[in-house]
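Residue strings, one per chain:
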Amino acid sequence: MVQVDVFWSYGLGASMALAAGRQLKARREQAAATPPADRLPGDPADPGSLWRNPFFLKTILYAALLFAPSGAYLLWNFPDWETMQAGTRDLPAWLVVCFAITNVTQAMLGFWVVERLMVAGRRYAALLQVPLAYLGMFFILVHGWDGTGWRRFFSPDAAHYRAWDGDWARWLTSDVALTLAAMGVVLLPVLFAALVRWQREGYALATAREYGVPDADLTDLAHGVLLHDIGKIGIPDAILLKPGPLTPDEWQIMRRHPEIGKLLIEKIPFLRGAVPIVYSHHEKWDGTGYPRGLRGEEIPLGARIFMVVDAFDAITFDRPYSKAKPFDVAKAEIKRCTSTHFDPDVVEAFFKVPEALLAEIRRKSLES
Ligand SMILES: [Fe+2]
């Protein structure tokens, strides 16, 4: 119904945003943790606009492909009932189209309001949007603007409404009611499936977070660790394999490998999350690193974690130019470079990892 659907579609959009609340929060946090320079278009970390938010887009799709067309169909075929007996049988087509459009824009508005309220930390106000929308909807259905809303609802057309005889049950077998039931069979399962699925996804996300880092970030971290030096394939062998020290000019070329790495993988969708690590793995906490000379928290978190772990790895493994050293030597060395090379918080977190676990990890990596 024209008067009801504006509330209903607002409530739909709001409930969809609530169902995806945890995912939306995770997206915002990821966006906040990624320095603007590392954000790529379409990246989940790109806060951009809502237009890049898959939940928002799916809400629009639902409203545009299912909800709005069903409303427009009802308005076109049952103009008396769909306008609560206020319309006429010769509605212009453009009015029907306008009505369909408001069904989509209201859903967008509901989603947007809930998202904004959650960003502002006003969770209860966000939660209230759904009951408020349904309150508006049922108020119109039952009371209407003149106290006859329910009578208008239970009259299949204007003639029945004018000659109201109290027989509301007759409406149940009317064409309007049967059409509504048929639409419900399609509309409701799709809606509930989306709400339940998003909610479940959100729980899984919350559980993963209990243990620290979300799954998606762990995958990005793993890719970054694996590919951090991939840009070296763009460095000439004469420099890469040179036995002696590099000249200043050669260093300049060598220092381009993070950028080459970034260019290589940023076009590959599933590796995009690793770009911040590949591009920033030679930055230092005090801003003396390269290629951009980022300082402190400007350096992506993944790259800060990588640097500490990589340093530990380099010191405790046998290398062509140095013998493996014990864990406590590595830890002392990392401690010495904290605040110049490494993020103090990351170092602190790393030092909390039990040595037995580090030894176990090393044993496994030596075996494989
Ligand atoms: Fe490197």
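In the block above lies the structure referred to throughout.
Only a predicted model underlies this, so the values are computations on that prediction, with no experimental measurement involved.

J.: Honestly, the overall build of the protein chain in this entry has me stumped. Any pointers?
T.: Secondary structure assignment for the protein chain yields 18 helices and 0 strands. Here the protein chain, with 368 residues, has 31% of them falling under the buried criterion. Look at the contacts in the protein chain between residues 6 or more apart in sequence, and 66% of them connect residues 24 or more apart.

J.: Where do I start with unusual backbone geometry in this structure?
T.: Negative phi characterises most residues that are not glycine, and trans characterises most peptide bonds. Residue Pro291 is bonded to the preceding Tyr290 through a cis peptide linkage, with omega at 5°. Within the chain, Gln85 stands out as a residue other than glycine whose phi angle is a positive 65°. Tracing the chain through its elements places Gln85 in the loop between α4 (79-82) and α5 (93-119).

J.: It is not clear to me how the nonpolar core should be interpreted in this structure. Could you clarify?
T.: Generally speaking, a soluble globular protein has its nonpolar side chains buried in company with each other. Phe7, Ala14 and Ala17 are the most contacted members of the largest nonpolar core, which has 39 residues in total. Breaking this core down by element, the ones donating at least two residues are α1 (2-19), α3 (54-77), α5, α6 (123-142) and α9 (175-210). Counting residues per element, this core draws most heavily on α1, at 12 residues. One finds Ile277, Leu294, Ile299 and Ala303 within the second-largest nonpolar core, a separate group that totals 20 residues.

J.: Would you mind showing me how to read α1 here?
T.: One turn of an α-helix holds 3.6 residues; hence residues three or four places apart share an orientation. If you check α1, its first and last C-alpha atoms are 26 Å apart, about what 18 residues at 1.5 Å a residue would give, namely 26 Å. Along α1, 17 of the 18 residues are buried, which leaves the element largely enclosed by surrounding structure.

J.: I keep staring at the environment of Ile233 and nothing clicks. Help me out?
T.: Residue position: Ile233 is located in the loop between α10 (215-227) and α11 (237-240). In sequence terms Ile233 and Ile260 are 27 residues apart; their C-alpha atoms lie 8.5 Å from each other.

J.: What am I meant to see in the environment of Pro156 here?
T.: Following the sequence through the fold, Pro156 ends up in the loop between α7 (149-153) and α8 (158-162). Judged by the 19 C-beta atoms lying within 10 Å of it, Pro156 falls in the partly exposed class. Sequence separation of Pro156 and Trp171 is 15 residues, and the distance between their C-alpha atoms is 6.0 Å. Ignoring sequence-local partners within four residues, the contact set of Pro156 consists of Trp81, Trp171, Ser174, Asp175 and Val176.

J.: Help me understand α5 in this model?
T.: Between the first and last C-alpha of α5 there are 39 Å, a value that for 27 residues agrees with the 39 Å anticipated at 1.5 Å per step. Following α5 by one or two positions, Gly121 has its phi on the positive side, about 75°.

J.: It is not clear to me how the packing of α1 against α5 should be interpreted in this structure. Could you clarify?
T.: Geometrically, a packed helix pair is captured by the angle between its two axes and the distance between the axes. Across the interface, α1 lies against α5 with an axial gap of 7 Å and an inter-helix angle of 35°. Helix-helix and strand crossings are classified by hand; for α1 and α5 the assignment is right-handed. Here α1 contributes Val2, Asp5, Val6, Ser9, Tyr10, Gly11, Leu12, Gly13, Ala14, Met16, Ala17 and Leu18 to the contact with α5, which in turn contributes Phe99, Thr102, Asn103, Gln106, Ala107, Met108, Leu109, Gly110, Phe111, Val113, Val114 and Glu115. Split into classes, the residues belonging to the contact of α1 with α5 amount to 15 nonpolar, 7 polar and 2 charged.

J.: Hey, could you run me through the packing of α5 against α6 in this one?
T.: The contact between α5 and α6 brings their axes to 7 Å, and the two run at 160°. It follows from the interaxial angle that α5 and α6 lie roughly antiparallel. Regarding α5 and α6, the two cross each other, and that crossing is right-handed. On α6, the residues touching Gly110, Val113, Val114, Leu117 and Met118 of α5 are Arg123, Ala125, Ala126, Gln129 and Ala133.

Criteria and thresholds
- Residues numbered from 1 in each chain as written.
- Predicted model: local features only at pLDDT ≥ 70, side-chain atom pairs only at ≥ 80, totals over all residues.
- Helix = DSSP H or I, 4+ residues; strand = E, 2+ residues; numbered from the N terminus.
- Buried ≥ 20, exposed ≤ 12 C-beta atoms within 10 Å, placed from the backbone.
- Contact = placed C-beta atoms within 7 Å.
- Core = buried A, V, L, I, M, F, W, Y, C linked by C-beta atoms within 7 Å.
- Expected span 1.5 Å × (residues − 1).
- Axes fitted to C-alpha atoms, helices over the stretch in contact; angles between N-to-C directions.
- Left-handed = near helix turned anticlockwise from the far one by under 90°.
- Nonpolar A, V, L, I, M, F, W, Y, C, P; charged D, E, K, R; others polar.
- Parallel < 35°, antiparallel > 145°, perpendicular 65-115°, else oblique.

Don't take any of this as a statement about function, it's just geometry.
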